[in-house]
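Remarks on the overall topology
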Amino acid sequence: MDVDVVVLGTGLSASITAAALSKAGYKVAHLDANPYYGGDDASLSLDELVAWADERATESIDASPYLAAQKKQFSGISYSGALPPQSRQYAVSLHPTIIPSIGPLIDSLIASGVSRYGGFKLLERVAIFDSPGLVKPVPGSKEDVFKNKKLTLLQKRRLMRFLMFAGGEFEDKPELQGSEHLPFAEFLTARFSLDAEAVQVIVYALAFCVCYTDPTLPALQRVRRYLRSTGRYGASSFLVGHYGGLGEIAQGFCRTSAVGGTTYILGRRILSIDSTPSPEMSSRKYTIRLEDLDEELRCDVLVTSPGYCQDGDSAAAAAEVPPDGDTSYSFARCVAIIDRPILLSTSAIEASDVPSEVPDDVVAATLETERSPTSVEVDTAVLVFPPSSLDAGSSNTSVSVLITGEGSQSTPRGKWILYITLPLPNNQSISQTPEQLLRPYLHATLRLASPESSDSLDVVEPLFTLFYMQHPASGPSKPSSSILRAVSYAPHLPEIADSAVTNAEGIFWDVIKSLKAVGRHPERNDEVDRGESDVESFWPPLEYVEENDD
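Values in this document were obtained by computation on a predicted structure and should not be read as measured data.

Describing the overall build of the protein chain
- The helix and strand tally for the protein chain stands at 14 helices and 23 strands.
- Classification of the 550 residues of the protein chain by burial places 53% in the buried group.
- Relative to all contacts within the protein chain whose residues are 6 or more apart in sequence, the contacts with residues 24 or more apart total 75%.
- Only carbon and sulfur atoms are counted for the fraction: they give 49% of the accessible area of the protein chain, which is about 23,600 Å².

So this is what it looks like as structure tokens:
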């Protein structure tokens, strides 16, 4: 089978690339060694998740090169015993994330038509850990600041001044000049005189910084997207994808790609990838052989996900382009299934909490109405633990807990999934297992869960837990114009999906350039001169999309 491009792996970035190339008019074959779509971004049932864990945790002398690479990428895997009932009704994400309502992924979902294949739920809350059993709400708008009864007028003015600055075009503002690489927390203190509590909330729950030293400019850009995303689809700035998130979205792009003519082959081991040093114009550069498939695949350009193109392959003499994203972190991850809802409880307001300039009659009314802690039961939420939040936790990096329930179509009724993620700098020596690193955060989160009865003081126990370490994927390191690498996600929770799109668009244009260099042109049904049509945009105009998808 002759095609223009072979894409290896069906992760989100690779799937977007395949869909864009297919819609542009190129012949594409899309392969995955796994029997499911999504690759490292897949959404799996609990049965599939356990099989995934066993395959990567078990020693095997005949493991494929891809599986051997996966064993290096995922380590320290452990999980609890029996699966809970209805295990096939869960959709567990291998790469949990939240999606800003404004950004590259939303733009691509709309422009490609893939939005019709999926569903989303608004994220209900973002909160920051306060003390055992209590959280602090995160202001997402000016209205939230004005409603906060614990802030003095001076604190509100300073916070409002920052939010107005962060929501605008700040790149050329004098406040930022010379401070682009300053730690964000120091910038907030020096330029806006914000107190320590406000700085903590902004740094870790508005900008979703990983650590104290995260630089100012990218952190401000994340805050701006947070602020501008509010109100597009509702009160929240973020969406949670149905059926596990990224894996379902990746499958939607694969469906669109298949409509455009892409050939899909899943669950087949790649036996070899051979290259022709100087192919003739009439031949293809790469030949790929698959297990239990007699027909060979031949292509001009390879787009490869981690683990597929190794230095031992003859094609790897050209090798993969290094990823553009930040790969300086490993991640300790936990997936926990619980059967009690999480209650985000904020502390009661005391007389000492009310600013001194508030009149006595207003103070009395406030204390009367907000004497008790406020608790909100959530179906989807993010809880952030700043560094040093827990005595047994990390003192260097923040930890995020993404909570999803039935409303995101990822669990049966009355069940919830907790995704706990701890970023770890790769230069940091780690002696603890993923479970030892994350147990304190799991225990602190479970203390927020509603007990069986009001008389119960017992901490809720999870029905199932999985712990593992995810390391940056490695691959061949020599640059090439004909083997391109589809990976590189940002370590910041709301940037993961958007960084996949940015990576995919970069690969897309590199592929176009490589194909033009060997005389390959797209074929479109609406072009008069089909052999010489040029690609002018990442996605074709919507009218063209609708005409060819119907």
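Here's the deal with the packing of helix H1 (residues 12-24) against helix H10 (residues 246-259)
- Direction vectors running N to C along H1 and H10 enclose 20°, while the axes themselves pass 8 Å from each other. Overall, the two elements H1 and H10 adopt an arrangement that is roughly parallel. Both H1 and H10 take part in a crossing whose hand is left-handed. Within the contact between the two elements, H1 uses Leu12, Ser15, Ile16, Ala18, Ala19, Ser22 and Lys23 and H10 uses Leu246, Ile249, Ala250, Phe253, Cys254, Thr256 and Ser257.

Some thoughts on the sheet that holds strand E12 (residues 270-275)
- The strand order E12-E13-E14 describes an open sheet built from three strands, whose pairing is antiparallel. At either end of the open sheet lies a strand with only one pairing partner, and these are E12 and strand E14 (293-299). Neighbouring strand axes in the sheet, compared pairwise and without regard to direction, differ in orientation by 20° on average.

So, the pairing of strand E21 (residues 416-425)
- Burial runs high along E21: nine of the ten residues are buried.
- Where strand E16 (residues 329-338) meets E21, ten bridges bridge the pair, whose relative direction is antiparallel. Across the sheet, residue Arg333 finds its bridge partner in E21, namely Thr421.
- Of the strand pairs in this sheet, strand E20 (residues 399-404) and E21 are connected by five bridges, and their pairing is antiparallel. Across the sheet, the residue bridging to Thr404 is Ile417, located in E21.

Brief notes about the nonpolar core
- One finds Phe162, Phe184 and Phe253 to be the most contacted residues of the largest nonpolar core, which totals 102 residues.
- At ten residues, the largest contribution of residues to this core is made by helix H13 (residues 496-517).
- Look past the residues within four positions of Phe162 in its chain and what remains in contact with it is Phe184, Leu188, Phe192, Leu194, Ile202, Leu220 and Val223.
- Counting residues in each nonpolar core, the second largest holds 33 residues, with Val135, Phe385, Val399 and Ala444 among its members.

Looking at the environment of Asp379
- Along the chain, Asp379 turns up in the loop between strand E18 (374-378) and strand E19 (381-385).
- Placed 25 residues apart in sequence, Asp379 and Thr404 show a C-alpha to C-alpha distance of 5.8 Å.
- Leaving out residues up to four positions away in the same chain, Asp379 has contacts with Lys121, Glu124, Ile403, Thr404, Gly405, Glu406, Gly407, Ser408 and Trp416.

Structural notes on helix H2 (residues 46-57)
- The terminal C-alpha atoms of H2 lie 16 Å apart, and with twelve residues this matches the ideal 16 Å at 1.5 Å per residue to within 8%.
- In this fold, the buried residues of H2 make contact with strand E3 (43-44), helix H3 (65-73), strand E4 (74-79), strand E5 (92-93), E16 and strand E22 (464-470).

A look at the sheet that holds strand E8 (residues 125-131)
- A sheet is described by the order of its strands in space; here eight strands give the open sequence E4-E22-E16-E21-E20-E19-E8-E9, paired in mixed fashion. With partners counted over all chains shown, the strands left at the sheet margins are E4 and strand E9 (134-137), one partner each. Strand-to-strand twist across the sheet, computed as the mean angle between neighbouring axes with direction ignored, equals 20°.
- Relative to E19, E8 runs parallel, the two sharing four bridges. Bridged to Val126 within E19 is Val382.
- Lying over the sheet, H3 contacts E4 and E22, oriented at roughly 75° with respect to E4.

A short note on the pattern of salt bridges
- Under the counting rule described, the total for this entry stands at 19 salt bridges.
- Taking the shortest distance from any N to any O, the salt bridge between Asp274 and Arg289 comes out at 2.5 Å. Taken together, the residues Asp274 in strand E12 and Arg289 in strand E13 (residues 286-290) connect sequence positions 15 residues apart.
- Ionic pairing is found between Arg520 and Asp300, a salt bridge with its closest N-O pair at 2.7 Å. Here the residue Arg520 occupies a position in the loop between H13 and helix H14 (542-549), and Asp300 occupies one in the loop between E14 and strand E15 (301-304), the gap between them amounting to 220 residues.
- Put simply, Asp2, Asp4, Asp274, Arg284, Arg289, Glu296, Arg298, Asp300 and Arg520 are held in one network by salt bridges that share partners.

Let's talk about helix H9 (residues 216-229)
- Between its first and last C-alpha atoms H9 spans 20 Å; for 14 residues at 1.5 Å apiece the expected length is 20 Å, and the two agree.
- Of the positions making up H9, those classed as buried are Thr216, Ala219, Leu220, Arg222, Val223, Arg224, Tyr226, Leu227 and Ser229.
- Structurally, H9 contributes buried residues whose contacts are with strand E6 (99-100), E8, helix H6 (153-166), helix H7 (184-192), helix H8 (196-206) and strand E10 (238-241).
- Backbone geometry just downstream of H9 places Gly231 in the positive-phi region, at approximately 95°.

Overview of the packing of aromatic side chains
- With the rule as written, the count across this model stands at 21 aromatic pairs.
- With a centroid separation of 6.3 Å and 15° between ring planes, the pair formed by Phe184 and Phe187 is classed as stacked. Linking Phe184 with Phe187, this pair stays in helix H7, spanning three residues, or about one helical turn. Like Phe187, Phe184 is buried.
- Ring geometry for Phe385 versus Tyr441: centroids 5.2 Å apart, planes at 80°, classification edge-to-face. In this pair, Phe385 is assigned in strand E19 and Tyr441 in helix H12 (residues 434-446), connecting sequence segments 56 residues apart.
- Residue classification places Phe385 among the buried residues on the basis of a relative accessible area of 0%.
- On the accessibility criterion, Tyr441 (1% relative accessible area) is buried.
- Aromatic ring contacts, followed pair by pair, group Phe162, Phe165, Phe170, Phe184, Phe187 and Phe192 into a single cluster.
- Residue placement shows Arg333 over the ring face of Phe331; its charged tip is 5.0 Å from the ring centre.

Details of the confidence of the model for the protein chain
- Of the residues in the protein chain, 81% reach a pLDDT of 70 or more, and the chain-wide mean stands at 85.
- Counting interchain partners and residues more than four positions distant, the pLDDT-below-50 stretch residues 349-354 has 13 contacts.
- Counting interchain partners and residues more than four positions distant, the pLDDT-below-50 stretch residues 527-531 has six contacts.

About the cut-offs
Residues numbered from 1 in each chain as written. Predicted model: local features only at pLDDT ≥ 70, side-chain atom pairs only at ≥ 80, totals over all residues. Heavy atoms only, no water. Helix = DSSP H or I, 4+ residues; strand = E, 2+ residues; numbered from the N terminus. Buried < 20%, exposed > 50% of the residue type's maximum accessible area, 1.4 Å probe, protein only. Contact = heavy atoms within 4.5 Å. Areas by Shrake-Rupley, 256 points an atom, 1.4 Å probe, with all protein chains shown as cover. Axes fitted to C-alpha atoms, helices over the stretch in contact; angles between N-to-C directions. Parallel < 35°, antiparallel > 145°, perpendicular 65-115°, else oblique. Left-handed = near helix turned anticlockwise from the far one by under 90°. Pairing = 2+ DSSP bridges. Core = buried A, V, L, I, M, F, W, Y, C linked by side-chain atoms within 4.5 Å. Expected span 1.5 Å × (residues − 1). Salt bridge = Lys/Arg side-chain N within 4 Å of Asp/Glu carboxyl O. Phe/Tyr/Trp six-rings, centres within 6.5 Å; stacked < 30°, edge-to-face > 60°. Lys NZ or Arg CZ within 6 Å of the ring centre and 35° of its normal. pLDDT = per-residue confidence, 0-100.

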